[in-house]
Amino acid sequence: MLVNLKTILKDTREKNYAVGSFNVYSYETINGVKKAVIKTGKPAIISFGASYLKNMSLECVKYITESAVGKLEIQTALHLDHCSDLEIIKAAIEAGFTSVMYDGSALPFEENIKNTKAVCAMAHEKNVSVEAELGSIALGEHSNETDIDHGQAYTNPESAARFVEETGVDALAVSIGTVHGMYKAKPNIRIDILKDISAKVSIPLVLHGGSGTPEETIIQCIENGICKINVNTEISQYTVKELFKVISENPNTHLSKLTLIQEDFVSDVVSKYINLFSNVK
Ligand code: 13P
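Quick look at the structure, then. This one's a predicted model, so the numbers in the text were calculated from it and none came from an experiment.

### Here we look at the overall build of the chain
Looking only at helices and strands, one finds eleven helices and ten strands in the chain. By the compact-globule yardstick of 19 Å for 281 residues, the chain fits well, its C-alpha radius of gyration being 18 Å. Along the three orthogonal principal directions, the C-alpha set of the chain runs to about 60 × 40 × 35 Å. Among the 281 residues that make up the chain, the fraction classed as buried is 57%. In the chain, the share of contacts with a sequence separation of at least 24, taken over all contacts with a separation of at least 6, comes to 73%. Carbon and sulfur atoms provide 52% of the accessible area of the chain, an area that totals close to 12,500 Å².

And the structure:
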């Protein structure tokens, strides 16, 4: 069943777990997430980045997602990831996405507030949830969501409180040291900053850059207010590596078989993360 982000994250902070948000860009990746949802029996967010519009149209993503997970009893949400283009956000809402992320993190604070507020007005009218971002997440290795490294700027807890209050946003992505892509060095995740944000902001907090983040750090993040965790690069790296092995062993494997195996590899990584995010005591 497709619900909005607010609904899927409703109990997360209180019950101490997070919902995984997994990037998709094809029929196989959407089906891979679906298989993981069925295997684990737990909710997940199907997340389509605006940077993947060359791979699929918004309508196509909505159609395939609806047919894959729409009839399941387990909750899923269809989310537009990182988007700073208001026209694309509007189109995603019209196409039937249940959640959108407006990313104004590169803008001056007041402009980010103004635009996020406008997106909230447009989305909430259609029962669509909104995620926004404050602070800037650095670029690690092998991420293909963006080539621009805006550098690391940690989220300021006081600004976060004002931002949430003024915009009416449903979830806030914070920058505490994770990176988009794989880490180039040992990650330095600032749980102290997260604790401070969490004390001042009661809506669900979002962690971008889940790939490669140590398990104990993920658990600490969930214990301190993170309710949604995004994963992209690791799913791609694992799936490509495993497909390469299959093709190397049997170069004549039929493409139709490869697409099915691909879904299973995606599902392996997604299931691992769903279980990790939901098993915090
Ligand atoms: P990773 O590619 O590091 O997992 O980050 C994904 C992400 O944050 C998508 O918004």
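### Things to note about the packing of aromatic side chains
If you walk through the whole model with that rule in mind, you get four aromatic pairs. With centroids separated by 6.1 Å and ring planes inclined at 85 degrees, the aromatic side chains of tyrosine 238 and phenylalanine 265 adopt a geometry described as edge-to-face. Here tyrosine 238 is found in helix H10 (residues 233-249), whereas its partner phenylalanine 265 is found in helix H11 (residues 255-278), with 27 residues between them in sequence. The exposure class assigned to tyrosine 238 is partly exposed, which follows from its relative accessible area of 25%.

### Describing the site of the ligand
The local shell around the ligand holds 15 residues, among which Asp81, Gly181, Gly209, Ser211 and Thr233 are the closest. Taking valine 179, its main chain carries an N or O atom lying 3.4 Å from an oxygen atom of the ligand. Protein burial of the ligand: of its 310 Å² of free accessible surface, 100% is covered by the chains. Among the detected pockets, the ligand sits in the largest cavity. Listed by contribution, the elements that provide at least two residues to the shell around the ligand are strand S3 (76-83), strand S8 (179-180) and strand S10 (226-231). The class makeup of the residues in the shell around the ligand is two nonpolar, eleven polar and two charged.

### Here we look at helix H8 (residues 191-200)
Buried within H8 we find Ile191, Ile193, Leu194, Ile197 and Ser198. Along the axis of H8, the buried residues cluster in a sector spanning 155 degrees; they form a single face. On the buried face of H8, the contacting elements are helix H2 (12-15), helix H7 (157-167), strand S7 (171-174), strand S9 (205-207), helix H9 (215-223) and S10.

### Looking at the nonpolar core
Counting residues in hydrophobic clusters, the biggest one holds 73 residues, and the most contacted among them are Phe22, Leu80, Val100 and Phe277. In contact with leucine 80, other than residues within four places in its own chain, are Phe48, Ala50, Leu58, Ile88, Ile89, Ala92, Phe97, Ser99, Val100 and Met101. The next biggest cluster of nonpolar side chains, apart from the first, holds eleven residues, and it includes Leu5, Val19, Ala77 and Met101.

### Here we look at the side chain of threonine 253
Here threonine 253 shows up in the loop between H10 and H11. A distance of 2.6 Å separates a polar atom in the side chain of threonine 253 from the backbone oxygen of asparagine 250. Residues contacting threonine 253, with those up to four places away along its chain left out, are Val246 and Leu258.

### Structural notes on the side chain of lysine 228
By the element assignment, lysine 228 lies in strand S10. Its relative accessible area of 0% is what places lysine 228 among the buried residues. Polar contacts involving the side chain of lysine 228 include one to the side chain of glutamate 131, which spans 2.6 Å. A polar contact is formed between the side chain of lysine 228 and the side chain of asparagine 230, at a distance of 3.0 Å. Setting aside residues up to four positions removed in sequence, lysine 228 forms contacts with Leu5, Leu9, Ala18, Val19, Ser21, Ile45, His79, Glu131, Leu205, Val206 and Leu207.

Cut-offs applied
- Residues numbered from 1 in each chain as written.
- Predicted model: local features only at pLDDT ≥ 70, side-chain atom pairs only at ≥ 80, totals over all residues.
- Heavy atoms only, no water.
- Helix = DSSP H or I, 4+ residues; strand = E, 2+ residues; numbered from the N terminus.
- Rg over C-alpha atoms; globule rule 2.2 N^0.38 Å.
- Buried < 20%, exposed > 50% of the residue type's maximum accessible area, 1.4 Å probe, protein only.
- Contact = heavy atoms within 4.5 Å.
- Areas by Shrake-Rupley, 256 points an atom, 1.4 Å probe, with all protein chains shown as cover.
- Phe/Tyr/Trp six-rings, centres within 6.5 Å; stacked < 30°, edge-to-face > 60°.
- Near = heavy atom within 4 Å.
- Polar contact = N/O pair within 3.5 Å; in protein donor to acceptor, adjacent residues only side chain to side chain.
- 1 Å grid on protein atoms, 1.4 Å probe; cavity = no way out; pocket = protein on both sides within 12 Å on 5 of 7 lines; lining within 4 Å.
- Sits in = over half its atoms within 2 Å of the grid points.
- Nonpolar A, V, L, I, M, F, W, Y, C, P; charged D, E, K, R; others polar.
- Arc of directions from axis to C-beta.
- Core = buried A, V, L, I, M, F, W, Y, C linked by side-chain atoms within 4.5 Å.

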